[in-house]
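Listed below are the residues making up each chain.
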Amino acid sequence: MWFIYGPPTSNPFGRDEEIRTLIGLVKNGQPVSLIGPRRIGKTSIILASLSRSSLPYVLFSAEEFIKNERGFNFQEFLSAYVSKVTNLALSLAGLKFQFTEKTRSYLKQLRELIGGVKIYLNMPEISALIDIILDKAERGKELDEEFNRVLDLPQIFAERLGIERLIIAIDEFQYLKYAKQSLPEIFHLMRSKWQFQRNVSYLISGSAVGMLKEIVSGKEQPFYQFFYSMKVNPFNRETSRNFLKKGFETEGINVSDHEIEAAVDYVDGFPAWLNLVGIKAVIERRSIRQILEDLPRDENVINAIEGDIRKLSPSAKSVLRKLATLGGKGRLKDLGDDVWTVNRGISQLTRYGYVEKEERGIYRIVDPMVVHYLNQGYKDGGSKGAENLAGRDG
Ligand SMILES: Nc1ncnc2c1ncn2[C@@H]1O[C@H](COP(=O)(O)OP(=O)(O)OP(=O)(O)O)[C@@H](O)[C@H]1O
Ligand SMILES: [Mg+2]
C-alpha cells in the first residue's frame with residue numbers, strides 16, 4: 001500500500017533533497033542535528049539517508065532508555081551503545097552475529113557478544129572493557145567511569161578495521177538530558193571525544209525542538225557550535241498534493257483535485273496525517289470531505305495527540321487549548337490572564353516542539369491536527385479532547 005500510518009519509512013516521498021544534503025554532510029564528517037516536530041518524518045529521513053549512504057552505521061533512539069517520569073536507564077544505554085557498535089564491528093570483520101536469545105535487554109546482548117569479541121576481534125583492551133562493564137553491571141555498580149572509554153569504541157574500531165567512515169545516529173537525542181542524573185557531564189564528555197574522531201560522523205535528531213535547540217546551540221552548552229542544524233519542514237503544498245495524487249492513483253481510487261486541496265488545507269504538509277487521510281480513503285471508500293470531518297475523532301488521531309498532550313503541565317495545556325480556540329495562533333496577551341502561567345506554559349510548549357514563535361511575538365501551534373483535535377473536543381462539549389485538557393499535574 002502507498003499509504004502507511006505509524007512506523008517510519010525507509011523510502012520517504014519528496015525528501016530527496018534533505019536526504020542528499022544529509023548524506024553529503026555525514027560523508028564529510030560533519031556532525032548534524034536534524035530537528036523537527038513530531039510526525040514530520042525525521043526518522044524516515046534518517047533511515048533513508050543511512051541506507052542510501054552505503055556507510056556502516058549504528059542507529060538507536062534515546063527514548064528507549066527513559067524509564068518512567070524522567071528516569072533514565074544509564075546501564076541499558078551504555079550496554080546498547082557498546083553492543084550495537086561492537087556488533088557492527090563484528091559484521092564489518094565478516095561475522096554475522098546471531099543472538100541466541102530474543103531479548104530486549106542490551107545487557108544480555110552484550111553478554112552474548114563477548115564470546116564473539118574474544119574469538120574474532122583479537123582486541124584484548126576491548127574485551128577487557130566489556131568484561132568490566134558486565135562485571136560491574138552484575139554487581140549493580142555505577143558505570144559512569146567506563147563511559148569515557150565506551151565513547152572511544154567507534155573510532156577504535158574504525159581505525160583497526162580500516163573503515164574510512166562510519167555513522168553513529170542517535171534519534172530523540174534530547175532524552176539524554178535525563179542521563180545527567182547518572183552522569184552530569186555526559187554531553188561534555190561526548191563532545192570532547194566526538195570532536196577528535198576522524199572516522200566517525202555523528203547524527204542526532206529530536207522532536208522536542210526547543211529542548212534540542214537548547215542542547216546544541218546554547219552558548220553555555222557543551223555542544224555549542226558543534227552540530228550543523230537541519231530543520232525538517234512539512235511538505236510544501238506541491239509535494240503534499242503530489243503525494244496524495246500519486247497515492248490515490250496507485251490505489252486506484254478517484255479523488256478530485258478539489259478534494260485533494262481540501263485535505264492539504266486541513267493537515268498542511270504533515271506526512272503522517274496525509275498518510276492517515278490516504279489510508280482512510282482507501283479503506284473506508286468515503287469522500288475526503290467526510291473523512292476530514294471525522295478525522296479529529298479518529299482513534300489514531302486521538303491516541304497520538306492524547307499521548308503527546310498527557311506529558312504537558314497544566315499551564316502548558318491551558319495555553320495550548322487557548323491557542324487552539326484562537327485558530328492555532330496568538331499573542332501572549334491573548335493566552336490567559338496570569339502572565340506567569342502563560343509564560344511557563346508557552347515555554348514548555350516551545351521546548352517540546354508543539355509551538356513555534358513567529359515574527360512580532362506571535363505563537364503558533366505547529367501541527368494543525370492538534371488545533372482540529374482540541375477544537376473538536378470543545379465543539380462536542382465533554383468529549384475527550386476537552387476533558388483531558390482539564391488536566392492533572394504532569
Ligand atoms: N516523506 C514521507 N513520505 C511518506 N510517508 C512519510 C514521509 N515522512 C514520514 N512519513 C510517515 O509519517 C509518519 C511519521 O514519520 P516518522 O516516524 O519518520 O516521523 P518522525 O518525525 O520521526 O516522528 P516522531 O517524532 O514521532 O518520531 C510515519 O508513518 C512515516 O511512514
Ligand atoms: Mg522519529
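Under an unreviewed UniProt entry, the chain has the name Putative ATPase (AAA+ superfamily) and belongs to Metallosphaera yellowstonensis MK1.

## Looking at the nonpolar core
Looking at soluble globular proteins, one finds that nonpolar side chains tend to be buried together. Counting 113 residues, the largest nonpolar core has Val82, Ala169, Leu203, Leu320, Ile365 and Val370 as the members making the most contacts within it. Among the elements that make up this core, the one with the highest residue count is helix 3 (residues 74-92) (ten residues). Excluding residues within four positions of it along the chain, Val370 makes contact with Ile305, Ala324, Tyr354 and Ile365.

## Brief notes about helix 5 (residues 124-138)
In this model, helix 5 (15 residues) spans 21 Å end to end at C-alpha, consistent with the 21 Å of a helix rising 1.5 Å per residue. Restricting attention to buried positions, one finds in helix 5 the residues Ile126, Leu129, Ile130 and Ile133. The buried residues of helix 5 occupy an angular sector of 95 degrees when the element is viewed end-on, so they sit on one face. Structural note: helix 5 exposes Pro124, Glu125, Ala128, Asp135 and Glu138 on the side pointing more than 90 degrees away from its buried face. Where helix 5 is buried, its residues contact helix 3, helix 4 (106-121) and helix 6 (144-161). In the stretch just after helix 5, Gly140 is the one whose phi turns positive, near 65 degrees.

## A few points about the sheet that holds strand 7 (residues 355-357)
Strand order in this open sheet of three strands is 6-8-7, and the pairing throughout is antiparallel. Edge positions in the open sheet fall to strand 6 (329-331) and strand 7, since each of these has one partner strand only. Strand-to-strand twist in this sheet, taken as the mean axis angle between neighbours without regard to direction, amounts to 25 degrees. As judged from the three bridges shared by strand 6 and strand 8 (residues 362-365), these two strands associate in the antiparallel manner. Paired with Lys329 across the two strands is Arg364, which belongs to strand 8. Across the sheet, helix 14 (residues 314-325) lies against strand 6, strand 7 and strand 8, angled at about 90 degrees from strand 8, the strand it touches most.

## Some points on the packing of helix 4 against helix 5
Helix 5 packs onto helix 4 with a crossing angle of 155 degrees between their chain directions and a minimal axis gap of 10 Å. Looking at the two axes, helix 4 sits roughly antiparallel to helix 5. Considering how the two elements wind past one another, helix 4 and helix 5 form a crossing that is left-handed. Within the contact between the two elements, helix 4 uses Leu107, Leu110, Arg111, Ile114, Val117, Lys118 and Leu121 and helix 5 uses Ile126, Ser127, Ile130, Asp131, Ile133, Leu134 and Ala137. Class assignment for the residues of the contact of helix 4 with helix 5 results in ten nonpolar, one polar and three charged.

## Topic: the confidence of the model for the chain
Residues shown with low pLDDT carry predicted positions that ought not to be read at fine detail. With 94% of its residues at a pLDDT of 70 or more, the chain has an overall mean of 91. Within the model, the stretch residues 378-394 combines pLDDT values under 50 with 23 contacts to residues more than four positions away or in other chains.

## Re helix 9 (residues 237-251)
Relative to the 21 Å expected for 15 residues at 1.5 Å per residue, helix 9 spans 21 Å between its end C-alpha atoms, a close match to the ideal helical length. Buried residues of helix 9: Ser240, Phe243, Leu244, Gly247 and Phe248, and no others. Buried residues along helix 9 cover an arc of 120 degrees about the axis, so they all sit on one side. Facing away from the buried side of helix 9 by over 90 degrees, the exposed positions are Glu238 and Glu249.

## Comments concerning the site of ligand 1
Around ligand 1 sit 22 residues, and of these Pro12, Phe13, Gly41, Thr43 and Ser44 come closest. Among the elements of the structure, helix 2 (42-53) and helix 11 (271-284) are those that each provide at least two residues to the shell around ligand 1. Its residues assigned to classes, the shell around ligand 1 shows nine nonpolar, nine polar and four charged. Domain assignment of the residues forming the shell around ligand 1 places at least three in each of domain 1 (16-231) and domain 2 (237-297).

Parameters and conventions
Residues numbered from 1 in each chain as written. Chains lettered and ligands numbered in written order. Predicted model: local features only at pLDDT ≥ 70, side-chain atom pairs only at ≥ 80, totals over all residues. Core = buried A, V, L, I, M, F, W, Y, C linked by C-beta atoms within 7 Å. Buried ≥ 20, exposed ≤ 12 C-beta atoms within 10 Å, placed from the backbone. Helix = DSSP H or I, 4+ residues; strand = E, 2+ residues; numbered from the N terminus. Contact = placed C-beta atoms within 7 Å. Expected span 1.5 Å × (residues − 1). Arc of directions from axis to C-beta. Pairing = 2+ DSSP bridges. Axes fitted to C-alpha atoms, helices over the stretch in contact; angles between N-to-C directions. Parallel < 35°, antiparallel > 145°, perpendicular 65-115°, else oblique. Left-handed = near helix turned anticlockwise from the far one by under 90°. Nonpolar A, V, L, I, M, F, W, Y, C, P; charged D, E, K, R; others polar. pLDDT = per-residue confidence, 0-100. Near = placed C-beta within 6 Å. Domains from an automatic or database assignment.

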